[in-house]
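# Secondary and tertiary structure notes
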2 protein chains.
Amino acid sequence: MGLRADYVTRPREWIASILAREPRFLSAAQIHQGLERDGARVSLSTVYRTLDRLQAKGDITVRPDADGEVTYMLCEPRHHHHHAICRTCGRVEDVDCAAMEQFAESLRAHNGFELDGHAIEFFGKCGACR
Amino acid sequence: MGLRADYVTRPREWIASILAREPRFLSAAQIHQGLERDGARVSLSTVYRTLDRLQAKGDITVRPDADGEVTYMLCEPRHHHHHAICRTCGRVEDVDCAAMEQFAESLRAHNGFELDGHAIEFFGKCGACR
DNA sequence: GGGATTTTGCGAATGGTTCGCAAATGAGGT
DNA sequence: ACCTCATTTGCGAACCATTCGCAAAATCCC
Ligand SMILES: [Zn+2]
Ligand SMILES: [Zn+2]
Ligand SMILES: [Zn+2]
Ligand SMILES: [Zn+2]
């Protein structure tokens, strides 16, 4: 009955390596294309299943983009922080800001709302795209 | 050749009235269900087309939820502000905060990023759900 | 009311994501 | 290395939200 340990498989390693070298949110299709470019033949189903696994493990952040396309990035949402996203190339950098927490704290009780969390995204241009 | 003025139609009025009385983000399907409950027979296509129109006019805010389902709310994104969203019932209230702008300003140049915008969502429980 | 134009409903097409199942792979023991 | 068996993969079908094409209905204006 007991479950064995998770298997280490090539598709999973390949997918992880794609994510590891891209500092931006990628869709399942983009990851799949990256694998093909690397000559790694992996089905789209496996890409989706692996992404689900990574999300369950808390290793990636999932973000539906403006059109509702779901995108993924290697970044542990475990540690609360925010992102600066380049409008031009999509590069993402973490923004870790105590000042923001302070601000959120001051809003904790707003309009009858009992606030317990927040999400922030900053937009702009990264150093390379300026 | 010139375009005539936009038509005022019942489907559009019905859809607008659904949106006007719901202070929360609704999916196209939810709006469609609301119309049926009101006895208003409108096709889902028309719901989508009307939402596209409202978005083009800048009358609604469009927000893909965590699963990527696109949702809509009567709220002009023209005036920059943020939202407090009840985790329990979905009720949304506007958060208009100069302090946040100040904070964003101090981050304008972060890690080589030239920041020019930001989006914030606050979560918690509304007065009714406490 | 009549006619030009816009809007609607319907059903088909699309695109992203999920499922079911047989074949392939990985881990562990011999 | 080989065998065994649970896990994972690939494939195609299924699914769901959204978009399209086009004929019929509604709106506006005279
Ligand atoms: Zn950039
Ligand atoms: Zn991050
Ligand atoms: Zn509530
Ligand atoms: Zn608002």
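Provided above is the structure to which this section pertains.
Quick notes on the rules
Residues numbered from 1 in each chain as written. Chains lettered and ligands numbered in written order. Predicted model: local features only at pLDDT ≥ 70, side-chain atom pairs only at ≥ 80, totals over all residues. Heavy atoms only, no water. Contact = heavy atoms within 4.5 Å. Buried area = accessible area lost by both parts, 1.4 Å probe. Salt bridge = Lys/Arg side-chain N within 4 Å of Asp/Glu carboxyl O. Polar contact = N/O pair within 3.5 Å; in protein donor to acceptor, adjacent residues only side chain to side chain. Helix = DSSP H or I, 4+ residues; strand = E, 2+ residues; numbered from the N terminus. Least-squares fit on C-alpha atoms with pLDDT ≥ 70 in both. Donors = N, O, S within 2.8 Å, 3.2 Å for Na, K, Ca; no water. Buried < 20%, exposed > 50% of the residue type's maximum accessible area, 1.4 Å probe, protein only. 1 Å grid on protein atoms, 1.4 Å probe; cavity = no way out; pocket = protein on both sides within 12 Å on 5 of 7 lines; lining within 4 Å. Points joined across faces, edges and corners; volume = space filled by probe spheres on them. Nonpolar A, V, L, I, M, F, W, Y, C, P; charged D, E, K, R; others polar.

## Examining the interface of chain B and chain A
- Each partner contributes to the interface: chain B provides 38 residues, whereas chain A provides 38 residues.
- Of the roughly 3000 Å² buried at the junction of chain B and chain A (both faces included), carbon and sulfur atoms supply 62%.
- It is Phe103(B), Phe113(B) and Phe122(B) in chain B that bury the most area against chain A; as a group they hold 20% of the surface buried on that side.
- Our count for the chain B to chain A interface comes out at 2 salt bridges.
- There are 8 residue pairs in polar contact (both at pLDDT 80 or more) connecting chain B and chain A.
- Every element with two or more residues in the side of chain B that touches chain A is listed here: β4 (82-86), β5 (92-95), α4 (98-106) and β7 (113-125) of chain B.
- Of the residues forming the side of chain B that touches chain A, the biggest block, 13 residues, is contributed by β7(B).

## Considering the relation of the copies chain B and chain A
- Screw-axis analysis of chain B against chain A gives a translation of 0.0 Å along the axis, an RMSD of 0.1 Å, and a rotation angle of 180°. The superposition operator between the copies reduces to a two-fold rotation axis.

## Notes on the coordination of the zinc ion (ligand 4)
All names here are of chain B.
- On the protein side, the zinc ion (ligand 4) has Cys75 (SG), His81 (NE2), His83 (NE2) and Asp94 (OD) as donor atoms, found 2.0 to 2.4 Å from it.
- The motif formed by the donor residues of the zinc ion (ligand 4), counted along the single chain, is C-x5-H-x1-H-x10-D.
- For His83, a relative accessible area of 8% corresponds to the buried category.

## Quick notes on the layout of surface pockets
- Here the largest pocket is characterised by a volume of approximately 1600 Å³.
- Around the largest pocket, the lining comprises 47 residues; the ones closest to its centre are Arg63(A), Ala119(A), Glu121(A), Arg63(B) and Glu121(B).
- Those elements that place two or more of their residues in the lining of the largest pocket are β2 (60-64), β4 (82-86) and β7 (113-125) of chain A together with β2 (60-64), β4 and β7 of chain B.
- For the lining of the largest pocket, the leading source of residues is β7(A), giving 6 residues.
- Its residues assigned to classes, the lining of the largest pocket shows 21 nonpolar, 18 polar and 8 charged.

## A short note on the pattern of salt bridges
All names here are of chain A.
- By the definition in use, this model includes 16 salt bridges over all chains.
- For the salt bridge of Arg24 with Glu22, the shortest nitrogen-to-oxygen distance reads 3.0 Å.
- Put simply, Asp59 and Lys57 hold a salt bridge, and the shortest N to O gap is 3.6 Å.
- Residue Lys57 is classed as partly exposed on the basis of its relative accessible area of 44%.

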